[in-house]
Every structure is written in structure tokens, then in C-alpha cells.
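Breakdown of the fold
Residues per chain, in single letters:
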Amino acid sequence: MTKRVLATISVVSLSALALTGCGADDSGSEASKEVTVWMYPVIPDEERSAEFWSGVEKDFEAAHKGIDLTIELQPWDNRDEKIATAIASGTGPDLVLLGADQALNYVDIGGLKPVTDGIDDVDSFLAAPLDAVTFDGDVYGVPIYQTATTVAYNKALFEAAGVDELPTTWSDVLAAAPLLAEQGVAIFDYSGSPELTLNLSFYPLLWQAGGSVFTQDGTDIAFDGKEGVAALQFLLDLQAVGGLPTDAATKNNAVEGGPLALGSAAMGSVLTQPQVAQMQAALGEDTVVVGAPLKDREQVAFGTPGVLSLTTVSEDDAAALTVANFIASPAVAHELNIAAGNYPVRTDVEAPADDEVTLAFVDALSYASPGEIFPEARQVMAALAPHIQAALQGSVSAEQALADAAAEARTILGK
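As a starting point, this report considers the structure included with it. (Residues numbered from 1 in each chain as written. Predicted model: local features only at pLDDT ≥ 70, side-chain atom pairs only at ≥ 80, totals over all residues. Heavy atoms only, no water.)

Thoughts on the packing of helix α12 (residues 317-328) against helix α13 (residues 330-340)
The following threshold applies: Throughout, an axis means a line fitted to C-alpha atoms (over the contacting stretch in the case of helices), and angles, computed between N-to-C directions, take values from 0 to 180 degrees. Strands here are runs of E lasting at least two residues and helices are runs of H or I lasting at least four, both read from the DSSP assignment and numbered beginning at the N terminus. Under this scheme an angle from 65 to 115 degrees is roughly perpendicular, one under 35 degrees roughly parallel, and one over 145 degrees roughly antiparallel; angles in between are oblique. It only takes one pair of heavy atoms within 4.5 Å for two residues to be counted as in contact. Each residue is assigned to one of three groups, with Ala, Val, Leu, Ile, Met, Phe, Trp, Tyr, Cys and Pro labelled nonpolar, Asp, Glu, Lys and Arg labelled charged, and all others, Gly among them, labelled polar.
Viewed as axis vectors pointing N to C, α12 and α13 meet at an angle of 60°, and their least axial separation amounts to 5 Å. As summarised for this structure, α12 and α13 are arranged oblique, according to the angle between their axes. Of α13, the residues touching α12 (which contributes F326, I327 and A328) are P330, V332 and A333. Partitioning the contact of α12 with α13 into residue classes produces 6 nonpolar, no polar and no charged.

Structure representation (C-alpha cells):
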């Protein structure tokens, strides 16, 4: 993936002018030792999430008597709008959990402060999560966890179709698809609903083909090149031989109640560990095999760090960074990974478990891309998704779908 740089155009629904002057003095204040963190449902179970973060508050305050920590649990819905409004009004959190692309958007409009010199034991962190939130030489978040996705197979369906080796490349998938289709099984569970992030559907295929959404400097669109056409054509070729679910153009990526759990699709290529657990619950642990990410020209999967970013609302940066470093510390980070089903961002943090499935996901981290980190990334994704759907619905060819999407995306870039 390409190195991210700051661009001049913001895509968050908030102007730079609205943020001007909302930051406080960076020097900190003896009278202000209150720190507020906005945390999101990285621990899916609501009760377990509340219990975990309440424990973090208590443990932190016991170790840091001069700082009053409040961790507010926020919903995923309307996250960006709420963060942007809160920062603009100066009433938002001191620290907020962000993904890498979000962090860039808020940096671009002046909503975050760098934490380059404020990360404890920085040499213990893996390079990839730090690099994902490094813009113009400054780090804009303390990584606390890493997500990962990879491939999982229903090996019984492959065996029933006479496929002796599980497919690991695009060529393998294309070769095996007709054999499974004869059994009434789609080899590849693809989800084409435009509401679904392309990070969990089309983008990994684009990256595996050697392509990218943007040019390296982020000033133009690249997904309409030969690599993008190859990625979309791969899906259309599978569809033509019965290799995709019949509703691939409109379906979401739910495992429970979907083709993977029902045994009508043989493999998912961008699955999380909780989704694999759902497959195991539906099919039996012995039936599900977890493998490495698929490969074409490249072997790539989606995986992004979660970081605690310091907002311009913060009035005591030292206190806020004390909180961020506490949550990122090996002991807390390890427990968070266990509770959330995520993975370490540090070399001194153990994997959350040592079972075969967990270790396969840890291995997949070496292939993880945090996505297309440019200010316009989310708008471009929204423009591209319906055109991919149109191709899957048979309305246009792969080449025409991407050309139409690129023309629309270039208007977003102002080109």
C-alpha cells in the first residue's frame, strides 16, 4: 500500500474554520486533571464492555491519584458526525478512539494534536500501526489494538466436490468453482451491498491484484486501471460459473443466517475471528479451516489499528497521554485483546490466546493493510460501491463500471 500524506481537501462535514482556535494551551494546567475518553464497542458484548472499561477507570485512578478518568461508551452510529461536532464546539473528548483513515481526516482539518514524542516505549510498537497514523512525519494516535481478517473454508464442501487442496490463489478458486457449483454450492461468499465498507469486500481483491484506489500521492484515482478491472472481472467470472451467492450484489456480510453458516458457500475471504467462531458454531469446529489471505499478484488482507488520538479539546495533554499510555500498556492491551477479539500492536504483548485459529489470525497481521488512507477515501468508496454492484447485477462490464465510478470519483477530487 502507498504511504499516506496530508492532502489539502477535507472530506469531514466540518470546515477547518470551525476548528480554528478550539484547541487549548498545550502546556497543561495544574487545576485541570480530568480526562475524558470516547470509546466504541470494540468489545461487542455490551455488558462485558461496560465492565471492562469501568475496571480500566478504577485501575487507572488507583495508580494515578491526580487524574480523574471518564471513559464514555459511544455507539458506532453517526460516529464521525458526533466527533466532528464535539471537537468544533470544544465540548468533545480529550482522547477518542479512531481508525487510521478517520485520524487523517481530523488531522487535515486541525482537530487532532500530534503525539509523536508522547508515546511510552515507542520502540515496543510494531511499525505498521504507527505508520498508519503517521502523517507528514508526526504520529497522531497511540495504537491500542489491531484488527485482522483472513480466509476460512468449509472443508467438507470442498471434499464433497472432489477438491483435494483448499484454494489459496485466485487461479485455485476459479478452477474449483465449477466443481462446487455442480453441488449447488457457491465457492466464494461475496457481499456486494453498497452499505458495506469495501475494505471488507472489493478492496482486498483490488490490492491482491496489485492495484490501489488512489495514485501514490492521492491526487488521482487508480482503481480504474488494469488491476481494478482484473479484480472485478474475477468476481464476474466466478459469478458466471455459479461461484457467488445468487444475491451477491445485494447481500451483507453476516455469517449467521448467511451462506457460510448455512453451508451454501464454501469460503469467506475477509472474515474476522468472531465470524469464524460463528461458522464453527453452525458447522462444527472440525469442518472450518482458517488459512492465510488469498493471493493473486499480491497477498494482502484488511486489518487496521485502533488508536487513541489526542483532540484539540484537550487542556492537559500530559494527563491525556498518561491515560493513553496506560490503556496501551502491555497488561491492559492484552486484556483488551482477549475481551475484544483483537490483536497486539506491540512486541511485548502476547497473542490473546494460543489456539490454532487465533494464531492463524495473528499470522495474517503480516499481510494486513489498514486501507486507503486519504482524506477523500470514504467519499470515493461511497461513489465506487454502487458501480461494483451494477456490474454484479449484469448492467455493465467490469471495465465500464470502473470507468464510470472513476469519473464520479474524480469530481470528488476536484479533477
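Re a negative patch on the surface
Which entries qualify depends on this criterion: Only residues whose relative accessible area exceeds 30% and that form no salt bridge enter a patch; like-charged residues are grouped when within 9 Å of one another, and nonpolar side chains (Val, Leu, Ile, Met, Phe, Trp, Tyr) when within 5 Å. Residue burial considers only the protein chains on display, and all accessible areas are found by Shrake-Rupley using a 1.4 Å probe. Counted as salt bridges are all cases of a side-chain nitrogen of Lys or Arg within 4 Å of a carboxyl oxygen of Asp or Glu. His residues and chain termini do not enter the charge count, which takes Lys and Arg as positive and Asp and Glu as negative. Note that the charge is assigned to NZ on lysines, CZ on arginines, CG on aspartates and CD on glutamates. Burial classes follow relative accessibility: with a 1.4 Å probe on protein chains only, a residue under 20% of its type's maximum area counts as buried, one over 50% as exposed, and anything between as partly exposed.
On the surface, a cluster of negative charge is contributed by E285, D286, D354, D355 and E356. Within the element layout of this structure, E285 appears in the loop between α11 (273-283) and β11 (288-291). Judged by relative accessible area, E285 falls into the exposed class, the value being 60%.

Some words on empty space enclosed by the protein
The cut-off we apply is this: Site definitions follow a grid-based scheme: protein atoms alone, a 1 Å grid, a 1.4 Å probe that fits but cannot get out for cavities, and for pockets an open set with protein on both sides within 12 Å along at least five of seven lines, plus lining residues having an atom within 4 Å of a point. Grid points are joined across faces, edges and corners, and a volume is the space filled by probe spheres set on the points.
In this structure the tally under the stated criterion is 4 cavities of 30 Å³ or more. If you add up the space inside the largest cavity, you get close to 130 Å³. Lining of the largest cavity is provided by D189, Y190, S191, L200, S201, N253, L260, G268, S269, V270, L271 and Q275. Looking at the lining of the largest cavity element by element, the count peaks at 4 residues for strand β10 (residues 265-271).

Observations concerning unusual backbone geometry
Even without being glycine, D121 reaches a positive phi, approximately 50°. On the secondary structure map, D121 appears in the loop between β4 (112-113) and α5 (127-132). Phi is positive for D136, close to 50°, though the residue is something other than glycine. Note on placement: D136 falls in the loop between β5 (134-135) and β6 (138-139).

A few points about the pattern of salt bridges
By the definition in use, this model includes 10 salt bridges. Of the charged contacts in the structure, one is a salt bridge between D101 and R378, with a shortest N-O distance of 2.8 Å. Here R378 lies in helix α15 (residues 377-392) and D101 lies in helix α4 (residues 100-108), a separation of 277 residues in the sequence. For R378, a relative accessible area of 34% gives the class partly exposed. Of the charged contacts, one joins R410 and D224 as a salt bridge, the two residues approaching to 3.3 Å between their closest N and O atoms. Remark: D224 occurs in the loop between α8 (202-208) and α9 (226-240) and R410 occurs in helix α16 (residues 398-412); sequence separation between them is 186 residues.

A look at the environment of S264
Tracing the backbone through its elements, the reader meets S264 in the loop between α10 (259-262) and β10. On a C-alpha basis, the gap between S264 and A186 in space is 6.2 Å, while along the polypeptide they are 78 residues apart. Not counting residues up to four positions away in its chain, the partners in contact with S264 are V185, A186 and P259.

So, the packing of aromatic side chains
For clarity, the cut-off: Stacked, edge-to-face and tilted are the three classes for Phe, Tyr and Trp ring pairs, Trp counted by its six-membered ring, which pair at centre distances within 6.5 Å; planes under 30 degrees apart are stacked, over 60 edge-to-face, the rest tilted. Two thresholds decide whether a charge sits over a ring: the Lys NZ or Arg CZ must be within 6 Å of the ring centre and within 35 degrees of the ring normal.
Following the criterion strictly, the structure yields 10 aromatic pairs and no others. Aromatic pair Y203 and W207: ring centres 6.1 Å apart, planes at 40°, arrangement tilted. Linking Y203 with W207, this pair stays in helix α8, spanning 4 residues, or about one helical turn. Of the residues examined, Y203 reaches a relative accessible area of 2% and is grouped as buried. Owing to a relative accessible area of 0%, W207 belongs among the buried residues under this scheme. Each member of the aromatic cluster is reached from another via a ring pair, and the members are W170, F188 and F234. In this arrangement the basic side chain of K82 is found over the ring face of W38, its NZ or CZ atom lying 5.3 Å from the centre.

Focus: the nonpolar core
Selection rule: By convention a nonpolar core is built from buried Ala, Val, Leu, Ile, Met, Phe, Trp, Tyr and Cys residues, the set being connected through side-chain atoms within 4.5 Å.
Residues V35, V37, M39, W53, I144, V323 and L336 are the most contacted members of the largest nonpolar core, which totals 58 residues. For this core, the leading source of residues is α12, giving 8 residues. Ignoring anything within four residues of it in the chain, the contact list for W53 reads M39, V42, I43, I71, L73, I327 and L336. Counting residues in hydrophobic clusters, the runner-up holds 56 residues, among them V151, V173, A231 and L384.

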